[in-house]
Amino acid sequence: MTEPTPAQRAIGNFAPKLVDLTDTVLFGDVWARPELNRRDRSLITVAALVASGAFEQLPNHLRLARDNGLTEDELKEAIIHLAFYAGWPKAMSAIQVAKTVFTD
């Protein structure tokens, strides 16, 4: 067995931790908590897509959010609040996507 590198010593066995985090965050906690209704889950998803700049996925999730009871004004307000965290360019781009979705 070889001696671990400094990075391996600092990080440890990273892959299982990443898998656990992925299971918990992407496929677990947010989607399994009974106290979160479909509306809240949609809002969380839209916020994550805006913050990450995943605008190609945003239209479908905005439609789903609308179907789950969120209004255009509520979604735009949430996106504007995200501007302080995600940056104004991302937020303004998301607003334009939202306008397109809600005029359909």
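Keep in mind that this is a model prediction, so the values were computed, not measured. (Residues numbered from 1 in each chain as written. Predicted model: local features only at pLDDT ≥ 70, side-chain atom pairs only at ≥ 80, totals over all residues. Heavy atoms only, no water.)

Enquirer: So, helix α4 (residues 38-52): which residues are in play, and what are the values?
Expert: In an α-helix there are 3.6 residues to a turn, and that puts residues three or four apart on one side. Taking 1.5 Å per residue as the helical rise, α4 with its 15 residues ought to reach 21 Å, and the 21 Å between its terminal C-alpha atoms agrees with that figure. Along α4, the residues classified as buried are Arg41, Ser42, Thr45, Val46, Leu49 and Val50. Measuring from the backbone nitrogen of Arg39 back to the side-chain oxygen at the start of α4 gives 3.1 Å, which picks out Asn37 as the cap. Immediately beyond the C-terminal end of α4, within one or two residues, lies Gly53, with a positive phi of roughly 75°. (Helix = DSSP H or I, 4+ residues; strand = E, 2+ residues; numbered from the N terminus. Expected span 1.5 Å × (residues − 1). Buried < 20%, exposed > 50% of the residue type's maximum accessible area, 1.4 Å probe, protein only. Polar contact = N/O pair within 3.5 Å; in protein donor to acceptor, adjacent residues only side chain to side chain.)

Enquirer: So what's going on with the packing of aromatic side chains? Which residues, and what values?
Expert: Counted by the stated rule, this structure contains one aromatic pair. Taking 5.6 Å as the distance between ring centres and 75° as the angle between the ring planes, the aromatic pair formed by Phe84 and Trp88 counts as edge-to-face. The exposure class of Phe84 is exposed, given its relative accessible area of 62%. Judged by its relative accessible area of 43%, Trp88 falls in the partly exposed class. (Phe/Tyr/Trp six-rings, centres within 6.5 Å; stacked < 30°, edge-to-face > 60°.)

Enquirer: Run through the pattern of salt bridges, naming residues and quoting values.
Expert: Counting across every chain of the model gives two salt bridges. Put simply, Arg39 and Glu74 hold a salt bridge, and the shortest N to O gap is 2.4 Å. With Arg39 in helix α4 and Glu74 in helix α6 (residues 72-86), the pair connects residues that are 35 residues apart, well separated along the chain. By relative accessible area, Arg39 is classed as partly exposed at 28%. According to the relative accessible area criterion, Glu74 is partly exposed, its value standing at 32%. Linking Glu72 and Lys76 is a salt bridge whose minimum nitrogen-to-oxygen distance equals 2.7 Å. Taken together, the residues Glu72 and Lys76, both in helix α6 and four residues apart, mark about one turn of the helix. Under the relative-accessibility criterion, Glu72 is labelled partly exposed at 26%. Residue Lys76 is classed as buried on the basis of its relative accessible area of 18%. (Salt bridge = Lys/Arg side-chain N within 4 Å of Asp/Glu carboxyl O.)

Enquirer: Which residues make up the nonpolar core, and what are the values?
Expert: Within the largest apolar cluster, 19 residues are counted, with the highest numbers of intra-cluster contacts made by Val46, Val50, Leu58, Leu62, Leu75 and Ile79. The set of elements that each furnish at least two residues to this core consists of α4, α5 (58-67), α6 and α7 (88-103). Sort the elements by how many residues they give to this core and α7 lands first, with seven residues. Not counting residues up to four positions away in its chain, the partners in contact with Leu75 are Leu43, Val46, Leu62, Ala65, Leu70 and Phe102. (Core = buried A, V, L, I, M, F, W, Y, C linked by side-chain atoms within 4.5 Å. Contact = heavy atoms within 4.5 Å.)

Purely geometric numbers; function is a separate question.
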